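One letter stands for each residue in the lines below.
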Amino acid sequence: RDATPEQTAEAAARSFREETGALVWAAGIGARPLVTKLAESLGQSDLRGLKVDKRMRVVGAEDVYAIGDAALSGFPPTAQVAAQQGKHVGRAIRDGRDSEFVYRHAGSLCCLGSDDGIAQLASSSSSSSYFNVWDFVGAPPVGPNDEHRAVTG
């Protein structure tokens, strides 16, 4: 995203396609057996996932990344985090430019039954020109510093 045209060209020149005949996909609330085996083989003591650094690189392995449920990153194990981590790692590989992962919380949703739910959306207070849907629906500020809005019903 922030790579220079020269860096992008250099990364493209070094890129290649590796036909493997395999597709790896994992989802769930715990580490897959493959992830546990990899963590063990790297001498990692916490087998809930692969320990990663701030750039999402697996500690103890060269040029290997882990995201989502496979990574012990210190972020919540949610699809929102995994999607951002995936984009970050994809860009790092594509652009040949490794940088620290920064998580941007967009909010949380929770189903409370067949016709009910609750949402907590993060507002972008960095700009005075943004539209805040919570002001529009009259949601009161909540939280220790009134930094959240909540609506139920």
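Residues numbered from 1 in each chain as written. Predicted model: local features only at pLDDT ≥ 70, side-chain atom pairs only at ≥ 80, totals over all residues. Heavy atoms only, no water.

1. Description of the environment of D63
So the rule is basically this: Numbering of helices and strands starts at the N terminus; helices are DSSP runs of H or I of at least 4 residues and strands are runs of E of at least 2.
Within the secondary structure, D63 is located in the loop between β1 (50–51) and β2 (71–72). In sequence terms D63 and I93 are 30 residues apart; their C-alpha atoms lie 9.6 Å from each other.

2. Let's talk about the pattern of salt bridges
Where we set the bar: When a carboxyl oxygen of Asp or Glu is within 4 Å of a side-chain nitrogen of Lys or Arg, the pair counts as a salt bridge. Relative accessible area decides the class of each residue, using a 1.4 Å probe on protein chains only: under 20% of the type maximum gives buried, over 50% gives exposed, and in between gives partly exposed.
One pass over the full model with this rule turns up five salt bridges. Salt-bridge contacts for R57 lead to D98; the nearest nitrogen and oxygen are separated by 3.1 Å. Here the residue R57 occupies a position in the loop between β1 and β2, and D98 occupies one in the loop between α3 (79–95) and β3 (107–111), the gap between them amounting to 41 residues. For R57, a relative accessible area of 31% gives the class partly exposed. In the salt-bridge network here, residues are joined through shared partners; they are D53, R57 and D98.

3. Some details on helix α2 (residues 33–41)
Since one α-helical turn is 3.6 residues long, residues separated by three or four positions face the same way. Short version of the rule: The reported arc concerns the directions from the helix axis to the C-beta atoms and nothing else. Contact between two residues is taken to exist if any of their heavy atoms lie within 4.5 Å; hydrogens are not considered.
Those residues of α2 that fall on the buried side of the exposure criterion are V35, T36 and A39. One side of α2 carries all its buried residues, which in axial view fall inside an arc of 100°. Along α2, exposed side chains directed more than 90 degrees from the buried face belong to P33, L34, K37 and S41. Check the buried side of α2 and you find it contacts β1. Backbone geometry just downstream of α2 places G43 in the positive-phi region, at approximately 75°.

4. Here's the deal with the confidence of the model for the chain
Test applied: The predictor attaches a confidence to each residue, and that confidence, scored 0 to 100, is pLDDT.
This prediction gives the chain a mean pLDDT of 81; 73% of its residues lie at or above 70. No element of the chain has a lower mean pLDDT than helix α4 (residues 133–137), at 63, and none a higher one than β1, at 96.

5. Section: the environment of H88
Tracing the backbone shows H88 in helix α3. Residue class for H88 comes out buried when judged on its relative accessible area of 13%. Taking the C-alpha atoms as reference points, H88 and Y103, separated by 15 residues in sequence, lie 9.7 Å from one another. When near neighbours in sequence (up to four residues on either side) are disregarded, H88 contacts R55, M56, S99, E100 and F101.

6. Thoughts on the packing of aromatic side chains
We count it as follows: Here the aromatic set is Phe, Tyr and Trp, taking the six-membered ring for Trp, and pairing holds for ring centres within 6.5 Å; pairs whose planes are under 30 degrees apart are stacked, those over 60 apart are edge-to-face, and all others are tilted.
Within the structure shown, the criterion is met by two aromatic pairs. Ring plane angle 85° and centroid distance 5.2 Å describe the contact between F75 and F101, whose orientation is recorded as edge-to-face. Residue F75 is found in the loop between β2 and α3, and its partner F101 is found in the loop between α3 and β3; the two are separated by 26 residues along the sequence. Classification of F75 as partly exposed rests on a relative accessible area of 31%. Here the aromatic residues F75, F101 and Y103 are joined through ring pairs into a cluster of three or more.

7. Considerations on the nonpolar core
Condition: Remark: nonpolar core denotes a set of buried residues (Ala, Val, Leu, Ile, Met, Phe, Trp, Tyr, Cys) joined through side-chain atoms within 4.5 Å.
Of all hydrophobic cores here, the largest spans 12 residues; its members are V35, A39, L50, V52, M56, V58, A66, A71, V81, V89, F101 and Y103. Of all the elements in the fold, those that place two or more residues in this core are α2 and α3. Setting aside its immediate chain neighbours within four residues, A39 contacts Q44, D46, L47, G49 and L50.

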